[in-house]
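Reading the structure
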Amino acid sequence: MPRTATRRRALAAALACAAMLSACTGNSDDGTSSAAGTPAVAPDSAQTTAASAVSAAATSSLDGTAAGAAARDKAFVGAALESANAYAKTLPGRTAAEKADAELATTGVKVLAISRSGDTPQQVLAQTTLKKTGAAVLVLLVGGQSGAPFKAAAVTPMLPDAKLDALDPTTDGSAAVGDGSGLSAKPDDVVAAFAASVKFPEPTATKVLAADPLSEQLRQSARAQSQALNNQGAFTQEHEPKGVIGGLRLKDGKGAIVFAHLVRNDAIAMRTPVKLTPAKDLTLLTGIKQITTEANLTSNEIIAVVIPASGQARIVAASDQLVAGSGR
């Protein structure tokens, strides 16, 4: 389950990554209308659905048994399912405190927005919290076609001090993001700008996005991991956009909140052999117990970005989950 995405440990020392959930699925039509519409799901039904879906996601994510795997298959979709299964494999190496830090609250779930009738996929944007700290967590649910259940496509804790602008009332439904018409920048362009701005080495500065703690932390962490090698090796980090996974328009045509999926690759190549002990996450996922010359870590990332009608976009929530790795 989620942990904040603003924490990294030195790759050379621990080869570690934070745990989060993310997903990739389709998007809907152009969604440029700002007029009131009809919600795809009745508000009362959406509230019941969201509460049930969040509970299923929270419970199954902390169950490492075969029954837990079956439950996750019903609770998550796409890369979110891949991430949840990867997290579950690391449970034996986590302390009770670590598990508690990541646990989602299953009470107090609030529906923030519902997509409009006719838009596909159907979406419900909900908010819950981390059980221990009360920090806000955005949950994007997709599904509903032909009676199919809604599943979690993204579970993303909000960044410190981040705020989400008002969305249309659930009784009206919120228009789909579509191709991004009427926004200050196309969603794909915003995601590409983010990926380039946090690449290491040689990040590319962008004016499309406002400064945010996630991007700055990623840059600082990459520099720290590189410096930790003490010129004994090289560290690189790439963020590959995988597309928009969903999102809804804000109230009064003021923009949209967009969820996007990226894959991050952290790589280290030693100039001379050394003995590095991988983090527990990597060992439990891959069986690798020692690294001497090189390592590659693959993580699912998701960002939730508010793209206004004019001005800079801003990241409001983010998450990541280590899903694979190799080394020798």
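Residues numbered from 1 in each chain as written. Predicted model: local features only at pLDDT ≥ 70, side-chain atom pairs only at ≥ 80, totals over all residues. Heavy atoms only, no water.

Focus: helix α6 (residues 187-197)
In an α-helix there are 3.6 residues to a turn, and that puts residues three or four apart on one side. The following threshold applies: Buried, partly exposed and exposed residues are distinguished by accessible area as a fraction of the type maximum, computed with a 1.4 Å probe on protein chains only: under 20%, between the cut-offs, and over 50%, respectively. Labels follow the DSSP assignment, with helices taken as runs of H or I lasting at least four residues and strands as runs of E lasting at least two, numbered in each case from the N terminus. Any two residues having at least one pair of non-hydrogen atoms within 4.5 Å are treated as being in contact.
Among all positions in α6, only P187, V190, V191, A193, F194, A195 and S197 are buried. The inward-facing, buried residues of α6 abut α7 (213-228), β5 (233-249), β6 (255-270), β7 (294-308) and β8 (314-327).

Looking at the pairing of strand β4 (residues 151-157)
Operational definition: Following DSSP output, two strands are said to pair if at least two bridges run between them.
Within β4, six of the seven residues are buried, leaving the element largely enclosed by the surrounding structure. In this sheet, β4 lies alongside strand β3 (residues 136-143) in antiparallel orientation, the contact comprising six bridges. By the bridge assignment for β4, L138 is matched with T156.

Thoughts on the sheet that holds β7
Let me state the cut-off plainly: Convention adopted: a line fitted to C-alpha atoms gives each axis, helices being fitted over their contacting stretch, and angles between N-to-C directions are expressed from 0 to 180 degrees.
Strand order in the open sheet formed by four strands is β5-β6-β7-β8, with antiparallel pairing between adjacent strands. At either margin of the open sheet sits one strand with a lone partner, and together these are β5 and β8. Strand-to-strand twist across the sheet, computed as the mean angle between neighbouring axes with direction ignored, equals 15 degrees. In terms of strand pairing, β5 meets β6 through 15 bridges, oriented antiparallel. Across the sheet, G247 pairs through a bridge with V258, a residue of β6. Sheet strands in contact with α7 are β5, β7 and β8, and its direction is about 160 degrees off that of β5.

Some words on the environment of L262
Within the element layout of this structure, L262 appears in strand β6. Residues L262 and H239, 23 residues apart in the sequence, show an inter-C-alpha distance of 6.2 Å. Not counting residues up to four positions away in its chain, the partners in contact with L262 are V191, F194, A195, H239, E240, P241, K242, S299, N300, E301 and I303.

Digging into the nonpolar core
As a reminder of what qualifies: Among buried residues, those of type Ala, Val, Leu, Ile, Met, Phe, Trp, Tyr and Cys that are joined through side-chain atoms within 4.5 Å constitute a nonpolar core.
If you look at the biggest cluster of nonpolar residues, it comprises 25 residues, and the most contacted ones within it are F76, L141 and V155. Among the secondary structure elements, those contributing two or more residues to this core are α2 (43-61), α4 (79-89), β1 (110-114), β2 (122-129), β3 and β4. Ranked by the residues each element gives to this core, the list is headed by α2, at six residues. One finds L159, F194, L214 and A318 within the second-largest nonpolar core, a separate group that totals 23 residues.

A few points about the side chain of E301
Note the cut-off: What qualifies as a polar contact is a pair of N or O atoms within 3.5 Å, subject to a donor-acceptor requirement within protein and to the restriction that residues adjacent in sequence count only when both atoms come from side chains.
Of note, E301 is situated in strand β7. The exposure class assigned to E301 is buried, which follows from its relative accessible area of 4%. Polar contacts involving the side chain of E301 include one to the side chain of R264, which spans 3.0 Å.

Side note on the packing of aromatic side chains
The geometry of an aromatic ring pair is captured by the separation of the ring centres together with the interplanar angle, meaning the angle of the planes. Selection rule: A pair of Phe, Tyr and Trp rings is counted when the ring centres sit within 6.5 Å of each other, with Trp represented by its six-membered ring. The angle between the planes then sorts it: under 30 degrees is stacked, over 60 is edge-to-face, the rest tilted.
This structure, assessed with the given rule, holds one aromatic pair. Judged by centre distance (6.0 Å) and plane angle (40 degrees), the rings of F200 and F235 are tilted. With F200 in the loop between α6 and α7 and F235 in strand β5, this residue pair connects regions lying 35 residues apart in the sequence. When its relative accessible area of 4% is taken as the criterion, F235 is described as buried.

Points about the pattern of salt bridges
Here is the rule: For salt bridges, the criterion is a side-chain nitrogen of Lys or Arg within 4 Å of an Asp or Glu carboxyl oxygen.
This structure, assessed with the given rule, holds eleven salt bridges. A salt bridge links D168 to R116, with the shortest nitrogen-to-oxygen separation between them at 3.5 Å. Of the two residues, D168 sits in the loop between β4 and α6 while R116 sits in the loop between β1 and β2, which places them 52 residues apart along the sequence. Note on accessibility: D168 and R116 belong to one class, buried. R264 is paired through a salt bridge with E301; the nearest N and O atoms lie 3.0 Å apart. With R264 in strand β6 and E301 in strand β7, the pair connects residues that are 37 residues apart, well separated along the chain. Grouping residues by exposure puts R264 and E301 together as buried.

A short note on the environment of D168
Look at D168 and you get buried, because its relative accessible area is 11%. Expressed as a C-alpha distance, the spacing of D168 and L250, which sit 82 residues apart in the sequence, is 6.4 Å. For D168, the contacting residues outside a window of four places in its chain are L112, R116, G173, S174, A175, L250, K251 and D252.

Quick notes on the sheet that holds β2
Remark on secondary structure: sheet strands pair via backbone hydrogen bonds, oriented parallel or antiparallel. Judged by pairing direction, the sheet is antiparallel, and its four strands sit side by side in the order β1-β2-β3-β4 without closing on themselves. The sheet is open, and its two edges are formed by β1 and β4, each paired on a single side. For this sheet the average axis-to-axis angle between neighbouring strands, irrespective of direction, equals 25 degrees. Together, β1, β2 and β3 form the strand contacts of α2, whose direction differs from that of β1 by roughly 120 degrees.

Regarding the pairing of β1
Within β1, four of the five residues are buried, which leaves the element mostly enclosed by the surrounding structure. Direction of pairing for β1 relative to β2: antiparallel, over a ladder of four bridges. The residue bridging I114 from the neighbouring strand is V124, located in β2.

Describing α7
The following threshold applies: Helix span is expected to be 1.5 Å times the residue number reduced by one. Relevant arc is that of directions from the helix axis to the C-beta atoms, nothing else.
With 16 residues, α7 extends 22 Å between its outermost C-alpha atoms, agreeing within 8% with the 22 Å of an ideal straight helix rising 1.5 Å per residue. Within α7, the full set of buried residues consists of L214, S215, Q217, L218, S221, A222 and Q225. End-on, the buried residues of α7 take up no more than an arc of 160 degrees, which puts them together on one face. Where α7 ends, the next residue or the one after it, N230, has phi of about 55 degrees, a positive value.

Don't take any of this as a statement about function, it's just geometry.
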